[in-house]
Every structure is written in C-alpha cells, then in structure tokens.
Amino acid sequence: MVLSMTSVTGKTSSRQAFTLIEILVSVAILAAGLVAIMSSFNASLSTLSSSGDRMRAAFLMKETISTMEQEGFGGAAGGRFSGADAGFSWRTEVHRAVRQSGAAVNEVVVSVWRDAAEHSVYSLATYLRDITP
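The model shown is predicted, which means the values in this text are computed figures rather than measured ones.

Here's the deal with the overall build of the protein chain
Across its full length, the protein chain holds one helix and six strands. If you list the helices and strands of the protein chain from N to C, you get β-β-α-β-β-β-β. Scored against the burial criterion, the 133 residues of the protein chain give a buried share of 21%. Summarising the internal contacts of the protein chain: among those between residues at least 6 apart in sequence, 38% fall at separations of at least 24. If you sum the accessible surface of the protein chain, you get close to 9800 Å²; carbon and sulfur atoms cover 60% of it.

Structure representation (structure tokens):
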C-alpha cells in the first residue's frame, strides 16, 4: 500500500509501508502454521514411543518363549519383568493341542504389556513341543 504524507514544510512524500491489519493477518497465518508444525511433532513423538513399546514387547515375548522351550512349561503363569525391562508385565497360557509320536504339542500364548498402558496388550501365539516325559 502506498501512503502519502505531508511534512511540516508542506512537501508530500510517498512511502511504502505495511498497515497494522496486514501485520496482524500475517502474524495470525504464521501462528497457525507453527501450531500445525508443533502438533505434528507431538504426534511423531507419540508414534515413536508406541513403536518402541511394540519392539520391546516383541523382544520380551520371544525371550519368554525361548525360556519356556528350554525349561519346559506348565499351565498359565504371569509376572513382571525386572531390571531394564521393569515396567512390563507378562502372562502365558498353555493349551494342549495335539499328541504326536509320544510328545504333546501345546499352543502357547504369551502376552506382554506396559504397566502404564494396560490397554495395549501385545500377544504372540505359537506351538511348542512339551519336553517333559
């Protein structure tokens, strides 16, 4: 916008300047853009945390199944992990599936969840041969 100004001496000068409304509109547009960027960062952090929990739960389930394969297993069991894995809990369920050539094959379901978010339970089902005589 071009503004005409008359000085004290009576001379007219033309200068380009922004009006207050133009500045306010540009600040509002900038603020809306920053809010959108900040909310996307928040969503990214939440997704990263959830992904880390899933990865950790998958590792803990695999570790639990390996322990069960080596040491044998009974019925249902559960508990909490300790050490670096504190904050996660686990539960196992064992169901007899098939008896083949003298050995029982069992369906084993391992569930792991973060104590703070019990609504996010990660489960893994597999079949294991019972090594007990």
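Still more to cover.
Here we look at the packing of aromatic side chains
Within this structure, the stated rule accounts for one aromatic pair. Seen from their ring centres, Phe81 and Trp90 are 6.4 Å apart, and the 45° between their planes marks the pair as tilted. In this structure Phe81 comes out as buried when scored by relative accessible area, which is 14%. A relative accessible area of 21% means that Trp90 is categorised as partly exposed.

Some thoughts on the pattern of salt bridges
Where side chains of opposite charge bring their charged atoms close, a pairing between them can arise. A full pass over the atoms with the stated rule returns four salt bridges. For Asp85, the salt bridge goes to Arg56, with nearest N and O atoms at 2.1 Å. Taken together, the positions of Asp85 in the loop between strand 3 (77–80) and strand 4 (88–100) and Arg56 in helix 1 (residues 20–71) put the pair 29 residues apart, joining distant regions of the chain. Judged by its relative accessible area of 10%, Asp85 falls in the buried class. For the salt bridge of Arg80 with Asp115, the shortest nitrogen-to-oxygen distance reads 3.5 Å. You can see Arg80 sitting in strand 3 and its partner Asp115 sitting in the loop between strand 5 (103–114) and strand 6 (121–129), a full 35 residues away along the chain. A relative accessible area of 27% means that Asp115 is categorised as partly exposed.

Observations concerning the nonpolar core
Counting 14 residues, the largest nonpolar core has Met68, Phe73, Val108, Val110, Val112 and Leu128 as the members making the most contacts within it. Breaking this core down by element, the ones donating at least two residues are helix 1, strand 4, strand 5 and strand 6. Element by element, the count of residues in this core is highest for helix 1, at five residues. If we skip the residues at most four places from it in the chain, Leu128 touches Ile65, Met68, Glu69, Phe73, Ala104, Val105, Asn106 and Val108.

Remarks on the side chain of Ser111
Mapping Ser111 onto the fold places it in strand 5. Residue Ser111 is classed as buried on the basis of its relative accessible area of 4%. A polar side-chain atom of Ser111 sits 2.8 Å from a polar atom in the side chain of Ser123.

Side note on helix 1
Structurally, the α-helix is built with 3.6 residues per turn, so residues lying three or four positions apart point the same way. In a regular helix each residue adds 1.5 Å, so 52 residues correspond to 76 Å; helix 1 covers 76 Å between its end C-alpha atoms and thus fits that length. Inspection of helix 1 places Asp53, Ala57, Leu60, Met61, Thr64, Ile65 and Met68 among the buried residues, and these make up the whole buried set. Backbone geometry just after helix 1 places Gly72 at a positive phi near 85°.

About the thresholds
Residues numbered from 1 in each chain as written. Predicted model: local features only at pLDDT ≥ 70, side-chain atom pairs only at ≥ 80, totals over all residues. Heavy atoms only, no water. Helix = DSSP H or I, 4+ residues; strand = E, 2+ residues; numbered from the N terminus. Buried < 20%, exposed > 50% of the residue type's maximum accessible area, 1.4 Å probe, protein only. Contact = heavy atoms within 4.5 Å. Areas by Shrake-Rupley, 256 points an atom, 1.4 Å probe, with all protein chains shown as cover. Phe/Tyr/Trp six-rings, centres within 6.5 Å; stacked < 30°, edge-to-face > 60°. Salt bridge = Lys/Arg side-chain N within 4 Å of Asp/Glu carboxyl O. Core = buried A, V, L, I, M, F, W, Y, C linked by side-chain atoms within 4.5 Å. Polar contact = N/O pair within 3.5 Å; in protein donor to acceptor, adjacent residues only side chain to side chain. Expected span 1.5 Å × (residues − 1).

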